[in-house]
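Each chain is listed here by its residues.
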Amino acid sequence: QVQLQESGPGLVKPSQMLSLTCTVSGGSITTSYYAWSWIRQPPGKGLEWMGAIAYDGSTYYSPSLKSRTSISRDRSKNQFSRQLSSLTPEDEAVYYCAGGGGGSWYGEYEYWGQGTQVTVSS
């Protein structure tokens, strides 16, 4: 019953910032022990975990992206968002939000969004 929906721009210019929002319905992002992640999949490549925000607001980031990404939440809207700065063509990918409890802490996500295509181009 829990559903996730990504939203944000589909086209971003290099060096600009990408802001994506994940809206969660059917459940609360503050549900105890739940974790919510951002994952991306570049063309022809596998899934890459980018970061996560836990039920208590704690954030976790991939070391390779920590310097230019952040995750926040809006409890009133039951949303969590990600900002990725200094975009390059290598950041072009399908971006997903995913999460839930239990295995979501280990990459075995209980709920997935449908994903949103982000193109980085001048």
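Residues numbered from 1 in each chain as written. Predicted model: local features only at pLDDT ≥ 70, side-chain atom pairs only at ≥ 80, totals over all residues. Heavy atoms only, no water.

## Quick notes on unusual backbone geometry
Residues other than glycine seldom take positive phi values, yet Asn78 does so here, at roughly 55 degrees. Relative to the helices and strands, Asn78 is located in the loop between strand S7 (69–74) and strand S8 (79–84). Phi is positive for Ser86, close to 50 degrees, though the residue is something other than glycine. Take Ser86: its relative accessible area is 44%, and that puts it in the partly exposed class. (Helix = DSSP H or I, 4+ residues; strand = E, 2+ residues; numbered from the N terminus. Buried < 20%, exposed > 50% of the residue type's maximum accessible area, 1.4 Å probe, protein only.)

## Quick word on the pairing of strand S9 (residues 93–100)
The buried fraction of S9 is high, at eight of eight residues. Of the strand pairs in this sheet, strand S4 (residues 35–41) and S9 are connected by seven bridges, and their pairing is antiparallel. Within S9, the position partnered with Trp36 by the bridge is Gly99. In terms of strand pairing, S9 meets strand S10 (residues 111–112) through two bridges, oriented antiparallel. What sits directly across from Gly99, in S10, is Tyr111. (Pairing = 2+ DSSP bridges.)

## A few points about the pattern of salt bridges
All chains considered together, the criterion is met by three salt bridges. Here Glu48 makes a salt bridge to Arg40, at a shortest N to O gap of 2.8 Å. Using a relative accessible area of 23% as the deciding quantity, one classes Glu48 as partly exposed. Where Arg68 meets Asp91, a salt bridge forms, and the shortest distance between an N and an O atom there is 2.8 Å. Of this pair, Arg68 sits in the loop between strand S6 (59–61) and S7 while Asp91 sits in the loop between S8 and S9, placing them 23 residues apart in sequence. Residue classification places Asp91 among the buried positions, given a relative accessible area of 1%. Salt bridges sharing common partners tie together Arg40, Glu48, Arg68 and Asp91. (Salt bridge = Lys/Arg side-chain N within 4 Å of Asp/Glu carboxyl O.)

## Quick notes on the side chain of Thr21
Secondary-structure assignment places Thr21 in strand S3 (residues 18–25). Within the structure, the side chain of Thr21 is placed 3.1 Å from the side chain of Ser81, a separation counted as a polar contact. Not counting residues within four places of it along the chain, the set of residues in contact with Thr21 comprises Gln5, Glu6, Ser7, Trp38, Gln79, Phe80 and Ser81. (Polar contact = N/O pair within 3.5 Å; in protein donor to acceptor, adjacent residues only side chain to side chain. Contact = heavy atoms within 4.5 Å.)

## What about the nonpolar core?
Residues Leu4, Leu18, Val24, Trp36, Trp38, Phe80 and Tyr95 are the most contacted members of the largest nonpolar core, which totals 24 residues. When residues of this core are traced back to their parent elements, those giving at least two are S3, S4, strand S5 (48–54), S8, S9 and strand S11 (116–120). Of the residues forming this core, the biggest block, four residues, is contributed by S3. (Core = buried A, V, L, I, M, F, W, Y, C linked by side-chain atoms within 4.5 Å.)

## As for the packing of aromatic side chains
A full pass over the atoms with the stated rule returns seven aromatic pairs. Among the aromatic residues, those joined into a ring-pair cluster are Tyr34, Trp36, Trp38 and Phe80. The positively charged end of Arg82 is found above the aromatic ring belonging to Trp38, 4.7 Å away from the centroid. (Phe/Tyr/Trp six-rings, centres within 6.5 Å; stacked < 30°, edge-to-face > 60°. Lys NZ or Arg CZ within 6 Å of the ring centre and 35° of its normal.)

## Thoughts on the side chain of Asp91
Engagement of the side chain of Asp91 in a polar contact is seen with the side chain of Arg40, the distance being 2.8 Å. Separated by 2.8 Å, the side chains of Asp91 and Arg68 make a polar contact. Among residues more than four places away in sequence, those in contact with Asp91 are Arg40, Arg68, Leu84, Ser86 and Val120.

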